[in-house]
Amino acid sequence: MKFEDFVCYEATVPELQGTDRDSAIRELVSALVDAGQLPSDSADEIATAVIKRESEASTGMGKGVAVPHVKHSVVADVVAVIGQTAAGIDFSALDEQLVYSVILLISPIDSPDRHLRAMENVFKHLQKEKFRKFLRQCQSPEAFEDLLKEADENPSW
Amino acid sequence: MQAGEETLERLGAEITVEIKNADGLHMRPAMLFVDLASQFDCDIVVSNGQTDGDGKSIMAMSMLAATYGTRLKITAEGPEAEKAIAALRELVEVRMFDEPPPEGKR
Amino acid sequence: MSRRLKARGNGLGQDSEMEIKKGIAVSPGVSIGKCLIIDSEDYRIPRREIESSQRMVEVQRVRNAFRDAIGDLTELESDQDQTGGGRIKDIFAVHLRFLRDRSLRRRITDLVYSDSVTAEYAVSTVLRQIASHFANVKDTYISERAADIYDIERRLLKQLLGHKREDVGRLREEVVVVARELSPTQTAGFNKAFVKGIASDAGGRTSHAAIVARSLGIPAVVALEDLTEIVHGGDTVIIDGNRGLVIVDPTEETISQYEVYSQEFVALEHKLDGIREKPAVTRDGATVMLLGNIEFPDEAEAVLQKGGDGVGLYRTEFLYLNRPTEPSEEEHYRAYAQTVRVFRERPVVIRTVDLGADKYTQSKRFAPEPNPFLGLRSIRFCLQNLTMFKTQLRAILRASVLGQVKVMFPLITNIQELMQAKMILHDVMEDLDEESIEYNRDIDVGIMVETPSAALTASTLARDADFFSIGTNDLTQYTLAVDRGNELVSTLYSPADPAVLRLVRTVIQDAYKAQIDLSVCGEMASEPEFVMILLGLGVRTLSLSAPMIPEIKQVIRSVTLEDCNVLTRKVLGMNSERQISNYLRNAVRKILPEAF
């Protein structure tokens, strides 16, 4: 599965306004609503679920990246949005580092495989320092989109 | 039968073709080549400059391992030599084995 | 290295000459038996030469095999129409063309004639030649086809060998296994009731053959180089796992000498068994926990019998090998449940699947990697195959209510891998919660420290891991850049190398600072000469193969921690592996002379 299959480029938030974890998550959820990926009346519920899950176990992957996710019946297929902040947010990642890039994923309840394929893709690329570095350098939604498209085309790069 | 015609029959035809599809002469194209070659009444030998192979043998053709850009010399001998050469050229260079050329090239 | 001795009235026929071959002793004991030769494809390729008069028969067998294989494939190909796998159909079509290619068949039958060999041998030889021709082409698309050729080879061999295939899992008599080398796939079927010894051409102290032999408690000798070329199926061989000798076609005199020697050795083992009930405590009161390394649930009992306090390393790869499909969650669960029940409240550390550089990940489903040991193996493979990974984690979590289960991730090289793995574990816990399935929420999650990068960043990893287990086999391999299975360099492989010892020390110190548990589970833990240095470095938990537990316990009970500390200080000041190795060996020889 490639980024283009689940990442909503229109919803990208190149500079998150929130300075803490919970507001960053809410911001990303609302970005998905604005892009028409989520119904607005479920936004609150979804954001709360993501935050709850995040409190139980941080999805901070280390090296400044976090991948909060949740399963919810309101989506038919995996949808994700990327948000970034230059200031860094505390996600209680146990490596005690701040998080700069957040990829929020909402997955359908009944297709666990789609979620796994998306996670595999995320893991694969986020493992690479080059990718993370370029990601941090993106300032506009177009830049993010270009980077992810390039990653999709060069899976072994 | 007149001697002259026999001699003509024994003459072969020869051509050099270039592999134009991106993935080269992998299994599927090799199969198409062999199937086509086998339809003609003549002997067909294909050479990549280092080895020769029987154009009607899938094993020989795959062993040639001809990648994109490789030039192959096809030699046919027998009654349908000319027809065979023409058909094979069309398959390799015109139809390109019904496969795409490399990205960015025509 | 070999010496030929003239047979003296041994009644074995005029062609037999006793031959003694020297290799590396990797598992103690003596075994005298008939040998079974295993080929790398898990088939026993019968003796190669045939009589000239047999050639026609063999040629006909080749033709029949082709005919039957074509029949099978044609059926399979038409079945594919329904399931709509256009690409799969293509593959069958191509394989069929190959099988119908007369020049291929001719090449094989020509070989039967020219060299007077069996159909199987001819098929295998010709197809492998073709496969290697493909594999050497730089274009990956084409070189991948080598896998297709191997598939065709298997198909033809299946026809030829049919019922005659020597399935190691279905042995009915005692044998000694001889192979070029043994992969986990092949040894997964070994039943110790029938497999009495192992000898391989390749390998070293920590190759798979060695590990399996030690687990099963049978003698093994490796790195014999060309044993498979001089021995024939059914020959009598003696495997001397103490001295590292394999004797082919022994004289009667030699056999009786060995029988006496073997009895003496068994007596020593019994003496060691006597300390089963005694605790593993040094003379000055330091307690060491001794756990077992296992691969199959059947070995669990052996660990207890030998005095182990639990399982420090449960290798789970065998569940995936020797089978065409992945194991189901139930199959996982059954194996883990069976094991955990044997140990009850004693710890069982289950390591998630550590496949790689092996048939499984290199099969034709995936493009073969040029450097599998450094490639997508083990935890990396799992993180790219989450469905499979989650299945195993589910089973481990479900089994965690039955006893004291801990989960361990192999080959972790950086914190991201650990975080990702823990994230998936958490996802699995969520799923189980939703399904109201019980599991131990507080299960300990640890890692194998077996790469230089993990060793050097152990302090960071320690923040997120509940325990470490040092995998000295791979750690030594990666640190010294030596392939432990390569008989040409296996003597370079040594945990006594100062570089390795320094890394081990770093890990132990970092674990101690972070106050997390630490154990050593590589082969180093089962070697008497390393007990003192490990204790001196601060290790208090060792996990090793069951048969060696009594001997290691004996060493522990014979030393003082004080002496271990002194020894360790001296060793840390040494710079040469040879010096360290000799020093350690001498030290333990003084304590336990009969082990040598």
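Relevant structure appears above.
Bear in mind the structure is a predicted one, so any value in this text is a computation, not a measurement. Residue numbers here run from 1 along each chain, matching the order of that chain's written sequence. All chains are assigned letters beginning at A, and all ligands numbers beginning at 1, according to the order in which they are written. Given that this is a predicted model, residues contribute local features only at a pLDDT of at least 70 and side-chain atom pairs are listed and counted only at 80 or more, while totals for whole chains, interfaces and linings are drawn from all residues.

Draft legend 1. Region of interest: the overall build of chain B. In DSSP terms, a helix is any run of H or I states spanning at least four residues, a strand is any run of E spanning at least two, and both are numbered starting from the N terminus. For chain B, the count of helices and strands is four helices and four strands. Going from N to C terminus, chain B has its helices and strands arranged as α-β-α-β-β-α-β-α. Three exposure classes are used. Buried residues have 20 or more other C-beta atoms within 10 Å of their own C-beta, exposed residues have 12 or fewer, and partly exposed residues fall in between, all C-beta atoms being placed from the backbone. Counting the 106 residues in chain B, one finds 38% classified as buried. Residue pairs qualify as contacts under a 7 Å threshold applied to their C-beta atoms, which are placed from the backbone. Put simply, 74% of the contacts in chain B that link residues at least 6 apart link residues at least 24 apart.

Draft legend 2. Here's a closer look at the interface of chain A and chain C. Contact with chain A, which involves 15 residues of that partner, is made by 13 residues of chain C. Of all the secondary structure elements, the ones that give two or more residues to the side of chain A that touches chain C are strand S1 (60-62) and helix H4 (112-126) of chain A. No other element matches H4 of chain A, which puts six residues into the side of chain A that touches chain C. When residue character is reported, Ala, Val, Leu, Ile, Met, Phe, Trp, Tyr, Cys and Pro are called nonpolar, Asp, Glu, Lys and Arg charged, and the others, Gly included, polar. A class-by-class count of the residues in the side of chain A that touches chain C yields six nonpolar, four polar and five charged.

Draft legend 3. Looking closely at helix H24 (residues 577-591) of chain C. Residues and elements named next belong to chain C. Multiplying one less than the number of residues by 1.5 Å gives the expected span of a helix. With 15 residues, H24 extends 22 Å between its outermost C-alpha atoms, agreeing within 8% with the 21 Å of an ideal straight helix rising 1.5 Å per residue. If you check which residues of H24 are buried, you get Ile580, Leu584, Ala587 and Val588. Each buried residue of H24 sits inside an arc of 90° when the element is viewed along its axis, so together they form one side. Relative to its buried face, H24 has exposed residues pointing more than 90 degrees away, namely Arg578, Asn586 and Lys590. In this fold, the buried residues of H24 make contact with helix H20 (498-514), helix H21 (528-537), helix H22 (549-558) and helix H23 (561-572). Think of the arc as the fan of directions from the helix axis to the C-beta atoms.

Draft legend 4. Representation of the pairing of strand S4 (residues 30-38) of chain C within the structure. Residues and elements named next belong to chain C. Buried residues dominate S4, accounting for seven of its nine residues. Any two strands between which DSSP finds at least two bridges are classified as paired. As judged from the five bridges shared by S4 and strand S8 (residues 236-240), these two strands associate in the antiparallel manner. Bridge assignment links Gly33 to a residue of S8, and that residue is Val237. Note that S4 and strand S5 (residues 175-179) share four bridges and pair parallel. Looking across to S5, one finds that Leu36 is bridged to Val177.

Draft legend 5. Up close: the environment of Ile91 of chain C. Mapped onto the secondary structure, Ile91 of chain C falls in helix H2 (residues 86-100). With 57 residues separating them along the chain, Ile91 of chain C and Asp148 of chain C place their C-alpha atoms 8.4 Å apart.

Draft legend 6. Representation of helix H4 (residues 81-94) of chain B within the structure. Residues and elements named next belong to chain B. The first and last C-alpha atoms of H4 sit 19 Å apart over 14 residues, in line with the 20 Å expected at 1.5 Å per residue. Listed as buried for H4 are Ala81, Ala84, Ile85, Leu88 and Val92. Each buried residue of H4 lies within a common arc of 95° when the element is viewed along its axis, so the set occupies one face. Those residues of H4 that are buried are in contact with strand S1 (12-18), helix H2 (27-37), strand S2 (43-47) and strand S4 (71-77). Among the residues trailing H4, Met96 stands out with phi positive, at a value near 50°.

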